[in-house]
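So the chains spell out like this:
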Amino acid sequence: MKINLKVWRQKNNNTEGKLVEYQLDKISPDMSFLEMFDVLNGELTKKGEEIIAFDHDCREGICGSCSMYINGRAHGPQTGATTCQLHMRSFNDGDTIVVEPWRSRAFPVIKDLMVDRTAFDRVIQSGGYVSVNTGSARDANETLIPRSIADEAMDAAQCIGCGACVAACKNASAMLFVAAKVSHMAVLPQGQAESTERAERMVAQMDAEGFGACSFTGACSVECPKSISLDHIARMNREYLGAKLTSTNVQG
Amino acid sequence: MAWVTQTLSSSLGRKVIMSLTGLFLSSFLIVHMAGNLQLFKGDNGRAFNEYTYFMTHNPVIITVSYLLYTSILAHALMAWVLTRHNQSSRPVKYAYSRPEANSPWSSRNMGILGTVLLLFIIIHMRTFWYEMHFGSVPMAEYDGKQYKDLYAVVKEAFSQWWYVLLYVISMVAIGFHLAHGFQSGFQSLGIRHTKYTPMIEFVGRYFFALIIPAAFAAMPIYVFLQVHGII
């Protein structure tokens, strides 16, 4: 396959970036999108040029590293998949493919296609945890959880924190990510102890990071590699409003 | 009280304000439409004028009307604040983006649709509300009682084709605005349920986005056709 690429090149967060064109002639349709980038970087190395920086780790769709905005969509044209799960057979011979990093105030570009997603880590640190007794391991079936609730929690817990929701949202809102994290603990008995504080703290941190508000366009859920439902956003709204109305925290 | 201001200025709190004011404005549309259906009565405006008399003299209606004005202003102002914030959340835009692949047009253009509606409301209130309250409206007499003849003002305004067109376009805008806005308002309040969300979506799509705008658009068209002797 012949592929024309337009890739965002940016030295660091303090310099202006631009789209740079590359041509690749011998691309196999069976290559993953990241393998195509490996080929390109190999050619750049041979020519003595600086390689394109991009995030990748597991290459099996569970780490959430491979953040690329491909042809106007987060992780490219496929739904329910990450960039590493996208194959070149999804494109046609001779296609021009535009590749950009996630665009968000809260995700500054580190270099080329790499963005700093530590804003998500800080949101998790603010309330995305449960308190447990340390010491000897507890019995696996000590707390019985009905199957339907476990499934609901698992649907939300599938979130890999890739940031596609932020990238796809017209407001660069992190609502689906934060909602998934609030939701998967809100439905489980283990999550009840910190339930009210969790929603308050995580939403406050989400706002502090500079993410936008939710317009409920549904773009996040469509582009989410784990297809996390908008139901979780509604649950977070309930959790948050409930917490605000009933918690004893009068300072905000 | 810090928690109140903090809650209402959070991203979720702002959406709650949008939701509550928006849903209140939606409920007002039902009353407004039902009342204005009197225009179709063909009694040369008597029922309509009696209705407008009631609407401008009933103390409960007058109190609610102030809530209505406040809601319009709060909804518009909060939309502006949210839009500014949302735009600042993505300082560098994508060179190439295909949002149509993942979201409906109306959901992404609520601000533009809302601006059209705000302009419409200003023109609409200048023509009818302002004239009724502060202008010189001719009088009509029914059973020895004097009424402001707002029907005459309606007839005059809707005898102009461009004014009718402006109304029809604005009603298309309100249709798209409510197609997304009505169901979205419930989402912001966390009201989402397997049983009720399909009902909310149905009411939003068909009643608020289709029937209400169509009924409102039919009024200027009907009056125009009547004034010009076409029907």
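Residues numbered from 1 in each chain as written. Chains lettered and ligands numbered in written order. Predicted model: local features only at pLDDT ≥ 70, side-chain atom pairs only at ≥ 80, totals over all residues.

J.: Just give me the short version of the overall build of chain B, but keep the residues and values in it.
T.: A tally of regular secondary structure across chain B gives nine helices and two strands. Expressed as lengths along the three principal axes of its C-alpha atoms, the size of chain B is roughly 65 × 45 × 35 Å. Every one of the 231 residues in chain B was classed for burial, and the buried ones make up 31%. A separation threshold of at least 6 residues defines the contact pool for chain B, and within that pool the share at least 24 residues apart is 75%. (Helix = DSSP H or I, 4+ residues; strand = E, 2+ residues; numbered from the N terminus. Buried ≥ 20, exposed ≤ 12 C-beta atoms within 10 Å, placed from the backbone. Contact = placed C-beta atoms within 7 Å.)

J.: Mind laying out the nonpolar core, listing which residues take part and the relevant values?
T.: Residue and element names in this part refer to chain A. Counting 78 residues, the largest nonpolar core has Val99, Cys165, Val166, Leu176, Phe177 and Val178 as its most contacted members. The dominant element in this core, judged by the number of residues it contributes, is helix H5 (residues 175–186), at nine residues. Residue contributions to this core reach at least three from each of two domains, namely domain 1 (3–110) and domain 2 (118–246). The contacts of Val99, once residues within four sequence positions are left out, are Leu5, Lys6, Val7, Trp8, Met68, Tyr69, Ile70 and Leu113. (Core = buried A, V, L, I, M, F, W, Y, C linked by C-beta atoms within 7 Å. Domains from an automatic or database assignment.)

J.: With reference to specific residues and values, describe helix H3 (residues 46–57) of chain B.
T.: All names here are of chain B. Between its terminal C-alpha atoms H3 stretches 17 Å, which fits the 16 Å expected from 12 residues at 1.5 Å a residue. What H3 keeps buried is the set Phe48, Asn49, Tyr51 and Thr52. Seen along its axis, H3 keeps its buried residues to an arc of 160°; they face one direction. Relative to its buried face, H3 has exposed residues pointing more than 90 degrees away, namely Phe54 and His57. Its buried side turned inward, H3 meets helix H2 (11–36), helix H6 (110–134), strand S1 (139–142), strand S2 (145–148) and helix H7 (150–157). (Expected span 1.5 Å × (residues − 1). Arc of directions from axis to C-beta.)

J.: Tell me about the sheet that holds strand S2 (residues 18–24) of chain A, and name the residues and values.
T.: Within a sheet, neighbouring strands are paired by backbone hydrogen bonds and run either parallel or antiparallel to one another. All names here are of chain A. Taken together, five strands build an open sheet; the order of strands is S2-S1-S5-S3-S4 and the sheet is mixed. Of all strands in the sheet, those with a lone pairing partner are S2 and strand S4 (73–74), marking the two edges. Bridge count between strand S3 (residues 69–70) and S4: two bridges; the pairing is antiparallel. In the sheet register, Tyr69 faces S4, and the bridge partner there is Ala74. (Pairing = 2+ DSSP bridges.)

J.: Outline the interface of chain B and chain A, supporting the account with residue identities and numerical values.
T.: A common way to state how big an interface is: give the accessible area lost once the parts meet. Contacts between the two partners involve 37 residues from chain B and, on the opposite side, 42 residues from chain A. With five residues, the top contributor of residues to the side of chain B that touches chain A is H2 of chain B. Taken together, the residues of the side of chain B that touches chain A break down into 14 nonpolar, 16 polar and seven charged. (Nonpolar A, V, L, I, M, F, W, Y, C, P; charged D, E, K, R; others polar.)

J.: Break down the pairing of S2 of chain A for me, citing the residues and quoting the values.
T.: All names here are of chain A. For S2, the buried fraction is low: zero of the seven residues fall into the buried class. Alignment of strand S1 (residues 3–9) against S2, held across seven bridges, turns out to be antiparallel. Following the sheet pairing, Trp8 is matched in S2 by Leu19.

J.: Describe unusual backbone geometry, and please don't skip the residues or the numbers.
T.: Here Ala172 of chain A, not a glycine, exhibits a phi torsion of approximately 50°, which is positive. Looking at where Ala172 of chain A falls in the secondary structure, it is placed in the loop between helix H4 (164–168) and H5. If you check the backbone angles, Asn44 of chain B has positive phi at about 55° while not being a glycine. Here Asn44 of chain B is to be found in the loop between H2 and H3. The exposure class assigned to Asn44 of chain B is partly exposed, which follows from the 13 C-beta atoms found within 10 Å.

J.: Describe the environment of His193 of chain B, listing the residues and the values that go with them.
T.: Tracing the sequence through the fold places His193 of chain B in the loop between helix H8 (161–188) and helix H9 (197–227). Separated by 179 residues in the primary sequence, His193 of chain B and Arg14 of chain B have C-alpha atoms spaced 22 Å apart.

J.: I'd like to hear about the UniProt feature "transmembrane region" (unreviewed entry) in chain B, residue by residue, with values.
T.: Residue and element names in this part refer to chain B. With numbering matched to this structure, UniProt assigns "transmembrane region" (unreviewed entry) to residues 16–40, 60–83, 110–129, 161–182 and 203–225. The span residues 60–83 shows a helical share of 100% and a strand share of 0%, and its end C-alpha atoms are spaced 34 Å apart. Helix makes up 100% of residues 203–225 and strand makes up 0%, while its end C-alpha atoms are separated by 30 Å. (UniProt positions renumbered as here; feature names shortened; annotations may be inferred.)

J.: An account of the environment of Ile231 of chain B is needed here, citing residue identities and associated values.
T.: Residues and elements named next belong to chain B. Along the chain, Ile231 falls in the segment after H9. The class for Ile231 is exposed, based on 9 C-beta atoms found within 10 Å. Considering only alpha carbons, one finds Ile231 and Leu165, 66 residues apart in sequence, at a separation of 18 Å. The residues contacting Ile231, other than those within four sequence positions of it, are Leu225 and Gln226.

J.: Describe the domain arrangement of chain A, and please don't skip the residues or the numbers.
T.: All names here are of chain A. Entries for chain A in the domain assignment read domain 1 (3–110) and domain 2 (118–246). With centres defined by C-alpha atoms, the gap from domain 1 to domain 2 works out at 29 Å. Taken together, the 19 residues of domain 1 in the interface contact 17 residues of domain 2. Split into classes, the residues belonging to the side of domain 1 that touches domain 2 amount to eight nonpolar, eight polar and three charged.

J.: Now, about the pairing of strand S5 (residues 96–100) of chain A: what can you tell me, with residues and values included?
T.: In the sheet, S1 of chain A pairs with S5 of chain A via four bridges, with the strands oriented parallel. Looking at S5 of chain A, one finds that Lys6 of chain A is bridged to Val98 of chain A.

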